[in-house]
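Working through the structure, step by step
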Amino acid sequence: IPSVKTPNYIFKNNGDLTFTKMSNAWGLNQAVHSRGVAYADLDNDGDLDLVINNIDTVAFIYENKEEQIFKRNFLKVKLEGARQNSCGLGGRAYVYVNGKMQMKQLSCERGFMSSPEPVLHFGLDTTSVIDSVKVVWLGEKKETKRRVKANKLLVFKEADAGLPSSKETPKAVKTLFKEVANGLFDKSFVHKDSSYSDFKNFRLFHRMFSKELPAIAVIDINRDGREDFHLLNSWKDKSTTAYIQQPDGKFRPSNQKGESLAFGNFSKHITCMAPVDYDKDKDVDWFINDRIDYDHYPKPAGNYLLRNDKGTLNDVTDSIAPGLRNCGMVTAAIWVDYNKDSLLDLIVVGEWMPVTIFENRDGKLIKIESDNGLLYTEGWWNSITAGDFDKDGDIDFVAGNLGLNSVFRASEKEPVTIYAGDFDGNGTNDPIVFHYISGKNVPFVNRDLFCEQMPVYNNKFYTFENFAKANFNDILTSEQQSSSYQLKATVMASCYLENLGNGKYALHPLPNEAQVAPVYGIQPADINGDGNLDIVLTGNSFSNHYEYGNYDALGGLVLLGNGKGNFKATSDEVSGFNIKGDAKNVVKIFDKALNANLFLVPQNNDALKIFMLNAKSK
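My aim in this report is to walk through the structure given alongside it, one point at a time. Since the structure is predicted, the reported quantities are computational estimates derived from the model, not experimental observations.

1. What to know about the environment of V218
Within the secondary structure, V218 sits in strand β16 (residues 215–219). Exposure remark for V218: the relative accessible area of 21% places this residue in the partly exposed category. Note: C-alpha distance between V218 and K588 (370 residues apart in sequence) is 7.8 Å.

What follows is the structure, encoded as structure tokens:
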């Protein structure tokens with residue numbers, strides 16, 4: 001039994017994929033040791049009451065007063081199944097009202113030895129008549145009742161249901177995207193990563209950094225007028241595989257000398273490759289990052305501007321782009337003429353750094369440090385793209401971040417911070433991540449990991465309790481704080497960065513559907529042919545800290561733009577753009593033979609996915 005009694009939690013669904021804690025407002029604020037909860041309409045007034053089982057005290061019964069306060073309508077659906085499944089377990093009820101649908105599946109497991117009543121309860125707000133109620137049984141039998149009045153118990157019997165006829169079989173919906181079989185490759189590409197775990201040697205890390213490949217970049221490698229792409233599969237190889245588009249539209253790995261790229265002389269840990277002819281000499285120059293210096297994290301490992309001098313790549317970072325090398329741990333970059341002076345500028349984002357612009361001034365890339373609305377956008381950014389999303393004639397950005405579905409919540413008032421230094425005096429770097437929980441700034445890792453990394457703290461924090469009660473200044477002295485390398489993140493949402501004109505930008509979080517996991521790939525295109533730029537997103541991360549599990553809620557997403565800087569998410573059923581793996585990017589490449597744009601999605605430890613629009617995009 002835990003030593004500390006704590007209140008239970010109840011959250012209100014706001015209807016937009018967010019929830020609000022209502023424990024105090026709804027009366028569930030008693031500190032107890034609870035072990036099970038069930039709900040039922042105990043007083044038959046149409047709302048759900050709660051029964052909570054507790055240890056060392058009586059069970060709690062909470063009467064729901066909703067019917068007396070709000071007088072909202074409801075519908076209860078009871079299933080009477082056949083044979084042994086008399087309660088109809090597994091049956092699904094669909095309630096349709098004014099073009100909206102609620103669905104519930106009957107399942108009576110709710111926590112430890114707890115079960116609700118076998119009745120499906122639907123809240124209807126002010127609706128008095130339901131358009132239709134459909135029940136689908138486990139054997140796929142169906143029954144529909146129409147124009148159902150609210151505030152009643154509606155009974156469905158499996159014996160009255162029937163199997164759908166061929167006339168009732170719905171037609172297949174034409175999706176925006178369709179997946180293309182790997183017939184475009186002689187051999188399917190499947191990325192295979194090593195089993196190495198960063199946490200084995202770096203116990204204070206909040207995530208693994210070794211799982212961010214493959215990296216991909218689209219370019220006409222052999223100058224035949226067809227787009228090709230480079231794929232970087234491994235940090236051990238440090239060289240790309242060049243995939244050349246053939247006249248028949250297929251892609252084959254190149255065996256020509258000089259078509260693959262070797263970056264090993266410059267960077268050890270590349271995750272970002274951005275090609276460009278920045279000096280306009282008709283060959284391809286490159287920006288590449290060095291993602292991490294493991295032994296000195298979070299200090300920048302270095303970024304590189306590589307000029308192509310007749311086939312030889314030379315590092316010209318310090319002479320052409322002063323400030324670029326150590327501007328931060330860059331994760332993504334794009335080349336775009338953001339200020340319309342006919343010169344390509346470099347926009348970079350990264351971990352613990354703001355969205356940063358290097359403006360091209362007569363061939364020199366100069367970091368913009370004026371207050372343009374981007375200076376205080378420090379985040380854990382993973383991706384960025386550009387386009388005129390509000391159709392006002394200037395260039396806006398969309399940047400992918402960690403998202404809002406994690407333990408890390410950040411703001412200017414309560415940022416996520418990192419303090420790095422040799423705090424235990426053993427000659428090694430100790431990067432400690434702090435974040436706020438209920439207004440208190442606490443380490444991300446628990447006491448065991450903290451003390452395994454720095455054993456000297458075993459004597460200071462000899463119990464979990466005194467570690468939990470320690471405040472920030474108990475963990476790091478003022479001397480340790482002042483001598484440490486410090487960074488912060490204040491923005492975790494993936495955002496649309498609106499160009500306000502005159503070099504100013506405003507951040508707008510993307511819809512909540514885009515905040516459920518980290519966004520690693522963004523590709524703009526007019527997906528539905530309405531003349532407005534839309535956004536294709538990919539993401540997830542299977543390299544999160546093992547105590548918190550994977551970020552895997554983003555199964556590929558299409559956001560349709562309205563030409564005014566607003567976006568609306570489409571469902572998987574409509575988009576057809578479904579990627580359930582650890583997607584690391586999405587790029588668009590034009591296939592001449594197919595006369596169509598392909599969308600390539602590389603995945604860590606998984607197959608390369610290829611999608612094509614069912615209608616032409618722009």
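2. Observations concerning a nonpolar patch on the surface
Taken together, the side chains of Y9, F11 and F19 present a nonpolar region at the surface, about 380 Å² in accessible area. Relative accessible area serves as the criterion here: at 55%, Y9 is assigned to the exposed category.

3. Description of the layout of surface pockets
When its volume is computed, the largest pocket comes out at roughly 2100 Å³. Looking at the largest pocket, it is lined by 43 residues, and the ones nearest its centre are K12, N13, W26, R72 and G123. Going through the elements one at a time, β2 (11–13), β6 (49–54), α1 (66–69), β8 (73–80), β9 (92–97), β10 (100–105) and β11 (119–125) are the ones with two or more residues in the lining of the largest pocket. A class-by-class count of the residues in the lining of the largest pocket yields 19 nonpolar, twelve polar and twelve charged.

4. Topic: the sheet that holds strand β32 (residues 430–437)
The strand order across the open sheet formed by four strands is β33-β32-β31-β34, and the pairing between neighbours is antiparallel. Two strands lie at the open edges of the sheet, namely β33 (440–443) and β34 (485–489), each paired on one side alone. Each neighbouring strand pair of the sheet contributes to a mean axis angle of 25 degrees, computed without reference to strand direction.

5. Section: the pairing of strand β26 (residues 356–361)
Counting buried residues in β26 gives five out of six residues, a clear majority hidden from the surface. When strand β25 (residues 345–353) meets β26, the two strands line up antiparallel, connected through three bridges. Bridge pairing in β26 links L346 to F358. Pairing geometry for β26 and strand β27 (residues 364–367), over four bridges, is antiparallel. By the bridge assignment, R361 is partnered in β27 with K364.

6. With respect to the environment of I589
Tracing the backbone shows I589 in strand β41 (residues 587–591). Judged by relative accessible area, which is 0%, I589 ranks as buried. The spatial distance from the C-alpha of I589 to the C-alpha of K413 is 42 Å, given a sequence separation of 176 residues. When near neighbours in sequence (up to four residues on either side) are disregarded, I589 contacts V218, E227, D228, F229, F251, A596, N597, L598 and L600.

7. Notes on empty space enclosed by the protein
A full pass over the atoms with the stated rule returns one cavity of 30 Å³ or more. By volume, the largest cavity is sized at about 130 Å³. Every residue lining the largest cavity is counted, 15 residues in all, and those nearest its centre are H206, R207, W380, L402 and Y520. By residue class, the composition of the lining of the largest cavity is seven nonpolar, five polar and three charged.

8. Regarding the packing of aromatic side chains
Counted according to the given criterion, the structure contains 38 aromatic pairs. Between F444 and Y548, the ring centres sit 5.3 Å apart and the planes meet at 25 degrees, which makes this aromatic pair stacked. Here F444, found in the loop between β33 and α3 (447–453), pairs with Y548, found in the loop between β38 (534–539) and β39 (557–561); they are 104 residues apart in sequence, far enough to count as distant. The rings of F202, F205, F209, Y294 and Y297 are connected pair by pair, giving a single aromatic cluster. Over the aromatic face of F122 sits the side chain of K104, whose NZ or CZ is 5.2 Å from the ring centroid. In this structure, K145 packs its charged tip against the face of F156, placed 4.5 Å from the ring centre.

9. Some details on the sheet that holds strand β23 (residues 312–315)
A sheet is described by the order of its strands in space; here four strands give the open sequence β20-β21-β22-β23, paired in antiparallel fashion. Looking at which strands have only one partner, the edges of the open sheet turn out to be β20 (273–276) and β23. Neighbour-to-neighbour, the strand axes of this sheet turn through a mean angle of 25 degrees, independent of strand direction. Judged from the four bridges that link them, β20 and strand β21 (residues 285–289) form a sheet pairing that is antiparallel. Of the residues in β21, the one forming a bridge with P275 is W286.

10. Notes on the pattern of salt bridges
Where charged atoms from two side chains of opposite charge come close, those side chains can pair. Inspection of every chain in the model, using the stated rule, returns 21 salt bridges. Here E452 and R203 are joined by a salt bridge, their closest N and O atoms 3.1 Å apart. Of this pair, E452 sits in helix α3 while R203 is found in the loop between β15 (177–179) and β16, placing the two residues 249 residues apart along the sequence. Of the charged contacts, one joins E351 and R291 as a salt bridge, the two residues approaching to 3.1 Å between their closest N and O atoms. Highlighted residues: E351 in strand β25 and R291 in the loop between β21 and β22 (303–309), separated in sequence by 60 residues. Classification of R291 by relative accessible area gives buried; the value is 1%. Shared partners join several salt bridges into a network, and the residues in it are R207, E212, R291 and E351.

Scoring rules and cut-offs
Residues numbered from 1 in each chain as written. Predicted model: local features only at pLDDT ≥ 70, side-chain atom pairs only at ≥ 80, totals over all residues. Heavy atoms only, no water. Helix = DSSP H or I, 4+ residues; strand = E, 2+ residues; numbered from the N terminus. Buried < 20%, exposed > 50% of the residue type's maximum accessible area, 1.4 Å probe, protein only. Patch = residues over 30% accessible without salt bridge, like charges linked within 9 Å, V, L, I, M, F, W, Y side chains within 5 Å. Areas by Shrake-Rupley, 256 points an atom, 1.4 Å probe, with all protein chains shown as cover. Salt bridge = Lys/Arg side-chain N within 4 Å of Asp/Glu carboxyl O. 1 Å grid on protein atoms, 1.4 Å probe; cavity = no way out; pocket = protein on both sides within 12 Å on 5 of 7 lines; lining within 4 Å. Points joined across faces, edges and corners; volume = space filled by probe spheres on them. Nonpolar A, V, L, I, M, F, W, Y, C, P; charged D, E, K, R; others polar. Pairing = 2+ DSSP bridges. Axes fitted to C-alpha atoms, helices over the stretch in contact; angles between N-to-C directions. Contact = heavy atoms within 4.5 Å. Phe/Tyr/Trp six-rings, centres within 6.5 Å; stacked < 30°, edge-to-face > 60°. Lys NZ or Arg CZ within 6 Å of the ring centre and 35° of its normal.

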